Structure formats: structure tokens, C-alpha cells
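# Notes for the structure review
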Amino acid sequence: MSMIQDQTKITLHPKPGFVIKTKILESKNSSQLLTKVFINICHDPQVPKPSKEFEPEVVFPMIIENQWEIPIVASVAKESKDKKGFPSLVYDCCINDECFRWCQISKDLKLILIEWCIESIEMINSITLERDYSVPKMLAKGDLTQTELTMHELSDLGFKKLHELQQNEALGVIEELKLEGENEEEDENLPDLFNIGRDGVQKKPLIEEL
């Protein structure tokens, strides 16, 4: 890719998907504590997708080994109000159209995506969000952000290392899914995640804001 092409601007026009509602538990800005947060999970075909297509038996072990990720473009905070009129903050997390379809088909991948999006907002904004979130019956909270990125930024989209393994919430989600599966003899949605890659070093999948 030439330098000129590299700097070509691309504007994302996200389509609504679903919304996560949570609240801020920790923040350097004390006025934000307990503020409601809405995360719009949206999608656009211009956001890159992983090099490997989604196959549960292949991809879930790769996630554990930090070898597979869904690229996410996170927006800046937008001020809003909840239905009772109290101040709230809204963020958009935009992924590729096909990745969104994968998450609609696989409830397990959807849970992992939600965790990645929550982590993204936390790391970018130096806050801690409550994990006891809800999914309101809405496609989006407010207007979605039309983010402008360069071709280089899109091609370089990926995760940054921000925490060590013991803080890996996304891996915890996978482990919870596995434990739930052990209680259902006929549940074959996930591979045996605890017996795959045990000799490797498990690293945290992380999010990058552009």
C-alpha cells in the first residue's frame, strides 16, 4: 500500500445492532461514579474482520491463546440521559458486518464480544464498569458515531496489551461457559477449552481505540 493510499480517509457509517447497559463503579472523576453507561454494539462492512473465519471448534481455543480477535472501533464518550432523565454516557463499539452475524448465531461468541467491548471502554477511559449488565430492548441508544479513520489505522486495527493474565475477564467468560457446559451432558457448543493449549501461555485479548 502506497503512502498516499495509507492516508486515505474512510468514514464508518455504523448500523445499529444491540445495546449493553451498565454503570461506572470506579473512575478518577468522582462525579462519574454510578453513572449509567450505554454501549452500542454496531457494525459496518469497512471494519476489518479476523483473517480466519469463525469456526467454534477452531476459534475458541485460539481466543484462549490470544490468537484470534474481533477488531473493534470504539467511539469517544457521548453525553445522554436515561429514560428517567438522569445523565448517562454512551459509547459505540463498531465491528465488521460478518462478525456481527457470527455473534448473532453464537451466543457464546456474543458474550465474549460483550466482554471485549466493556474492556475496550474501560481501558480507553480509565474506568471500571459493572459486569452485571443488562441488554435493553433497543437497537441503539441515540445516534451512532460516524468515525473517520485512515486506511492505515483500519489495517492496523487490533488489541493492545493492557493487563496481565490474572485480569483477563474475557478468558473468565470462556471458563464460565465451559463450566456451564459441564452441567449439560448434551451441550456441544464449545470444545473442551480446559484441555486445549494447556502447555501454552494464556494471554489477555485486548482492545485498541483508533
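Residues numbered from 1 in each chain as written. Predicted model: local features only at pLDDT ≥ 70, side-chain atom pairs only at ≥ 80, totals over all residues. Heavy atoms only, no water.

As annotated in an unreviewed UniProt entry, the protein is PIH1 domain-containing protein from Candida parapsilosis.

### Considerations on the overall build of the protein
Basically, it comes down to this: Strands are runs of DSSP state E lasting at least two residues, helices are runs of H or I lasting at least four, and both sets are numbered from the N terminus onward. A simple rule labels every residue: compare its accessible area, found with a 1.4 Å probe on the protein chains alone, to the largest value its type can have, and call it buried under 20%, exposed over 50%, or partly exposed in between. Should any heavy atoms of two residues lie within 4.5 Å, those residues are counted as being in contact. Surface exposure here means Shrake-Rupley accessible area, sampled with a 1.4 Å probe, where a residue is shielded only by the protein chains that are shown.
Of regular secondary structure, the protein possesses six helices and eight strands. Counting from the amino terminus, the protein carries its helices and strands in the arrangement α-β-β-β-α-β-β-β-α-α-β-β-α-α. A burial count over the protein gives 45% of its 210 residues as buried. At a minimum sequence separation of 6, the contacts of the protein that also span at least 24 residues come to 75%. Total accessible area computed for the protein in this model is approximately 11,600 Å², and 48% of it derives from carbon and sulfur atoms.

### A closer look at helix α2 (residues 56-64)
Restricting attention to buried positions, one finds in α2 the residues Val59, Phe60, Pro61, Met62, Ile63 and Ile64. Two residues or fewer past α2, Asn66 is found with a positive phi of approximately 60°.

### A closer look at the state of the cysteines
Rule in force here: Any pair of cysteine sulfurs within 2.5 Å is marked as a disulfide.
Applying the stated criterion to the full structure yields zero disulfides. Lacking any disulfide linkage, Cys99 is separated from the closest cysteine sulfur, that of Cys103, by 7.0 Å. Exposure remark for Cys99: the relative accessible area of 0% places this residue in the buried category. Here Cys117 is not cross-linked by a disulfide; its sulfur's nearest cysteine counterpart is in Cys93, at 3.9 Å.

### Quick word on the packing of helix α3 (residues 97-105) against helix α4 (residues 107-125)
The criterion, for reference: To obtain each axis, a line is fitted to C-alpha atoms, and for helices this fit is confined to the stretch in contact; angles are then taken between N-to-C directions over 0 to 180 degrees. In these notes the angle categories are as follows: under 35 degrees is roughly parallel, over 145 is roughly antiparallel, 65 to 115 is roughly perpendicular, and the rest is oblique. Here the nonpolar group is Ala, Val, Leu, Ile, Met, Phe, Trp, Tyr, Cys and Pro; Asp, Glu, Lys and Arg are the charged ones; every other residue, Gly included, is treated as polar.
Running from N to C, α3 and α4 point in directions that differ by 120°, and their axes come no closer than 5 Å. When the axes of α3 and α4 are compared, the pair comes out oblique. Touching Trp102, Cys103, Gln104 and Ile105 of α3 are Lys107, Leu109, Lys110 and Leu113, all from α4. Residues of the contact of α3 with α4, tallied by class, amount to five nonpolar, one polar and two charged.

### What about the environment of Glu26?
Relative to the helices and strands, Glu26 resides in strand β2 (residues 15-27). Setting aside anything within four residues of it in sequence, one finds Glu26 in contact with Leu33, Ile127 and Thr128.

### Observations regarding the pairing of β2
Basically, it comes down to this: Pairing between two strands is assigned when DSSP locates at least 2 bridges connecting them.
In the sheet, β2 pairs with strand β3 (residues 36-43) via seven bridges, with the strands oriented antiparallel. Each bridged residue has a counterpart across the sheet, and for Lys23 the counterpart in β3 is Lys36.

### Let's talk about the pattern of salt bridges
Short version of the rule: Here, a salt bridge means any side-chain nitrogen of Lys or Arg that lies within 4 Å of a carboxyl oxygen of Asp or Glu.
According to the stated counting rule, one finds seven salt bridges in the structure shown. With its nearest N and O atoms 2.5 Å apart, the salt bridge here joins Glu98 to Lys49. Of this pair, Glu98 sits in helix α3 while Lys49 sits in the loop between β3 and α2, placing them 49 residues apart in sequence. For Glu98, a relative accessible area of 22% gives the class partly exposed. Take Lys49: its relative accessible area is 34%, and that puts it in the partly exposed class. Here Arg131 ties to Glu115 by a salt bridge, and the two come within 2.8 Å at their closest N and O atoms. Here the residue Arg131 occupies a position in the loop between β7 (127-129) and β8 (148-150), and Glu115 occupies one in helix α4, the gap between them amounting to 16 residues. The class for Arg131 is partly exposed, based on a relative accessible area of 28%. Through salt bridges with shared partners, a single network forms among Lys49, Glu53 and Glu98.

### Focus: the nonpolar core
Nonpolar side chains tend to gather and get buried jointly when the protein is soluble and globular. As a reminder, the rule being used: In this text, buried Ala, Val, Leu, Ile, Met, Phe, Trp, Tyr and Cys residues form a nonpolar core when linked through side-chain atoms within 4.5 Å.
By size, the foremost hydrophobic cluster in this structure holds 33 residues, and its most contacted members are Ile39, Trp68, Ile70 and Leu109. Only β2, β3, α2, β6 (87-95), α3, α4 and β7 provide two or more residues apiece to this core. Looking at which element gives the most residues to this core, the answer is α4, with eight residues. Beyond its immediate sequence surroundings of up to four residues, Ile39 is in contact with Phe18, Val19, Ile20, Tyr91, Cys93, Cys117, Ile118, Ile121 and Leu129.

### Focus: the confidence of the model for the protein
Any residue range with low pLDDT should be treated as having predicted coordinates unsuitable for detailed reading. Which entries qualify depends on this criterion: pLDDT runs from 0 to 100 and stands for how confident the predictor is about each residue.
On average, the protein scores 81 in pLDDT, and the residues at 70 or more come to 71%. Low pLDDT (under 50) marks residues 160-167, which in the prediction has 14 contacts with non-local residues, meaning those over four places away or in another chain. Scored below 50 in pLDDT, residues 191-210 shows 68 contacts in the model against residues more than four places distant or in partner chains.

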